[in-house]
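The primary structure of each chain is shown beneath.
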Amino acid sequence: MKARRAPPCSRSLSVANAANALAATEVEAGVEHVVDPKALGFDATMLVGLSMLVVIAIMLWKKVPAAIGKALDGKIAGIRAQLDEAAALRAEAEKIKAEYEAKAAASESDAKAMLERAQHEADAIRAKAEADAAALVERRTRMAEDKIAAEERTALQQLRASAADAATKAAAKIIADRHDGASDKALIDQAIAGIR
């Protein structure tokens, strides 16, 4: 005779009853026994693993990695654009810095040139002032010498005129004292005879 199988519902009930009875005896004995839940013949670890595979499959099916890749590529492109812009700004800043350094060097050389020109002009002005002063002193000296010579000539002429006047007066007095009318007549006759 064949043993009859119990229907699946009754079998699961009997298993559940057996498990409950075992758990009750273990609890009474002080031993605690944990029963792992199972569904469709899989324990909790297998169920989590299968659910992760399903999620990954859905992500692959919906092309999530491609979307993530595109998003990352977009970020990378944005970062590259920012780096390129930063490099361009740096190059521009270095160019401006070089221009200002060139301007500073040019202004420094211009300042040196202006200082040298000012020094040459000051030297030229000083030399001209010295030459003008020397010429003025020479001219004034010459004028003073000329004036002194003129004064000497005038004094000499006055002295000669005074001497001539004094000599004339003395000669007239001497002649007047030494000559009388007869000696004058003899002098006049002698002068007339010399004219003929």
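What you are looking at is a predicted structure, and each value in this text was computed from that prediction instead of being measured.

Peer 1: Even after reading the chapter, I still don't get the overall build of the chain, so can you show me in this structure?
Peer 2: What the chain contains, in helices and strands, is four helices and zero strands. Reading the helices (α) and strands (β) of the chain from amino to carboxyl end gives α-α-α-α. Per-residue burial over the chain gives 1% buried out of 196 residues. Here the chain displays about 17,600 Å² of accessible surface, and carbon together with sulfur accounts for 64% of that area.

Peer 1: Which parts of the structure should I look at to understand a nonpolar patch on the surface?
Peer 2: A grouping of Leu40, Phe42, Met46, Leu47, Leu50 and Leu53 is seen on the molecular surface, where their side chains present a nonpolar patch of about 590 Å² in accessible area. Take Phe42: it is sitting in the loop between α1 (8–29) and α2 (44–61).

Peer 1: Sorry, what's going on with helix α4 (residues 181–195) here?
Peer 2: A turn of α-helix holds 3.6 residues, and therefore any two residues three or four places apart point the same way. With 15 residues, α4 should cover 21 Å at 1.5 Å per step; its first-to-last C-alpha distance of 21 Å lies within 8% of that length. Burial of α4 is sparse: only zero of the 15 residues sit out of reach of the surface.

Peer 1: What should I look at first to understand the pattern of salt bridges in this one?
Peer 2: Side chains bearing opposite charge may pair, as long as their charged atoms lie close to each other. Taken as a whole and assessed by the stated rule, the structure comprises six salt bridges. Its salt-bridge partner being Asp123, residue Arg126 comes within 3.2 Å of it at the nearest N-O pair. Of this pair, Arg126 and Asp123 both sit in helix α3 (residues 64–178), three residues apart, which is roughly one turn of that helix. Residues Glu138 and Arg142 are paired through a salt bridge, measuring 3.6 Å at the closest nitrogen-oxygen approach. Here Glu138 and its partner Arg142 are both found in helix α3, four residues apart, which amounts to about one turn of the helix. In this structure Glu138 comes out as partly exposed when scored by relative accessible area, which is 49%.

Peer 1: Teacher, can you tell me more about α2 here?
Peer 2: With 18 residues, α2 extends 25 Å between its outermost C-alpha atoms, agreeing within 8% with the 26 Å of an ideal straight helix rising 1.5 Å per residue. After α2 finishes, the residue Lys63 shows a positive phi value of roughly 60°.

Peer 1: Looking at this structure, I do not really get the confidence of the model for the chain. What am I missing?
Peer 2: Regions with low pLDDT carry predicted coordinates that are not meant to be interpreted in detail. When pLDDT is averaged along the chain, the result is 80; 79% of the residues meet or exceed 70. Of all helices and strands in the chain, the one with the weakest mean pLDDT is α1 (56), whereas α3 scores best (88). Ignoring residues within four places in sequence, the model shows residues 6–11, a span with pLDDT below 50, making one contact including any to other chains.

Quick notes on the rules
- Residues numbered from 1 in each chain as written.
- Predicted model: local features only at pLDDT ≥ 70, side-chain atom pairs only at ≥ 80, totals over all residues.
- Heavy atoms only, no water.
- Helix = DSSP H or I, 4+ residues; strand = E, 2+ residues; numbered from the N terminus.
- Buried < 20%, exposed > 50% of the residue type's maximum accessible area, 1.4 Å probe, protein only.
- Areas by Shrake-Rupley, 256 points an atom, 1.4 Å probe, with all protein chains shown as cover.
- Patch = residues over 30% accessible without salt bridge, like charges linked within 9 Å, V, L, I, M, F, W, Y side chains within 5 Å.
- Salt bridge = Lys/Arg side-chain N within 4 Å of Asp/Glu carboxyl O.
- Expected span 1.5 Å × (residues − 1).
- pLDDT = per-residue confidence, 0-100.
- Contact = heavy atoms within 4.5 Å.

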